[in-house]
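# Examination of the molecular architecture
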Amino acid sequence: MSGGKEDDGPMMEMNMTPLIDVLLVLLIMFIITIPIQTHAVKVDLPQNSKSPANPVDAQKNKITIDAAGTIAWNGSPVDEVTLRQYLDQSAAMNPEPELHFQPAPDARYEVVDKTLAVVKRSAITKLGFIGNEQYRNDF
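Please read all numbers here as calculations on a predicted model, not as lab measurements.

Rules and cut-offs
Residues numbered from 1 in each chain as written. Predicted model: local features only at pLDDT ≥ 70, side-chain atom pairs only at ≥ 80, totals over all residues. Heavy atoms only, no water. Core = buried A, V, L, I, M, F, W, Y, C linked by side-chain atoms within 4.5 Å. Buried < 20%, exposed > 50% of the residue type's maximum accessible area, 1.4 Å probe, protein only. Helix = DSSP H or I, 4+ residues; strand = E, 2+ residues; numbered from the N terminus. Contact = heavy atoms within 4.5 Å. Pairing = 2+ DSSP bridges. Axes fitted to C-alpha atoms, helices over the stretch in contact; angles between N-to-C directions. Right-handed = clockwise from strand over helix to strand, strands pointing away. Salt bridge = Lys/Arg side-chain N within 4 Å of Asp/Glu carboxyl O.

Attention now goes to the nonpolar core. Formed by 17 residues in total, the largest nonpolar core has its most connected members in Ile63, Ile65, Ile71, Trp73, Leu83, Leu87 and Leu99. Breaking this core down by element, the ones donating at least two residues are β1 (60–65), β2 (71–73), α2 (80–92), β4 (98–103) and α3 (109–121). Ranked by residue count, the leading element in this core is α3, at 4 residues. The residues contacting Leu99, other than those within four sequence positions of it, are Asn61, Ile63, Trp73, Leu87, Val119, Ile124, Lys126, Leu127 and Gly128.

Written out as structure tokens, the structure reads:
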């Protein structure tokens, strides 16, 4: 082999391409065969209780409606779907718990009417209105 202007001497450069190919294959095999080291940190996570707190009381439950139109079941705000689920759970209990209904005096009639319609559709039989004594002297 000769190259360049001097044709009489041998070429002293080595072909590096096969060497680089072999080294890359060895490097890839080395990377594949290395076991993956896992780094673990032990963390004490809180455990869930086996039975979540049931929002439906077995004795009596209370639905309140404030002036802003927020419906609350036993003091915690609920939407219409959640209210229906609680009412269905309450109706399924034996004996059925009492349901107290207490709208605020300045609550919107529409919200009170919708809530009463949900209560009626849920087949609740023990319903009592709380707070009517404030209207006793009006008539």
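This part takes up the side chain of Ser90. Of note, Ser90 is situated in helix α2. Assessed through its relative accessible area of 1%, Ser90 is described here as buried. Not counting residues up to four positions away in its chain, the partners in contact with Ser90 are Val56, Asn61, Glu96, Pro97 and Ile124.

Pairing is mixed across the open sheet formed by 5 strands, whose spatial order is β3-β2-β1-β4-β5. Because the sheet does not close on itself, it has two edges, and the strands there are β3 (76–77) and β5 (127–129). Pairing between β4 and β5: 3 bridges, direction parallel. Opposite Leu99, over in β5, you have Leu127 as the bridge partner. Where α2 meets the sheet, it contacts β1, β2 and β4, and its direction lies at approximately 35° from that of β2.

Turning our eyes to something else, we now look at the pairing of β4. Alignment of β1 against β4, held across 6 bridges, turns out to be parallel. The residue of β4 that forms the bridge with Lys62 is His100. Viewed along the sheet, the connection from β4 through α3 into β5 turns out right-handed.

This part takes up the pattern of salt bridges. Counted according to the given criterion, the structure contains 2 salt bridges. A salt bridge links Arg84 to Asp88; its shortest N-O distance comes to 3.2 Å. With Arg84 and Asp88 both in helix α2 and 4 residues apart, this pair spans about one turn of that helix. With relative accessibility at 28%, the residue Arg84 sits in the partly exposed group.

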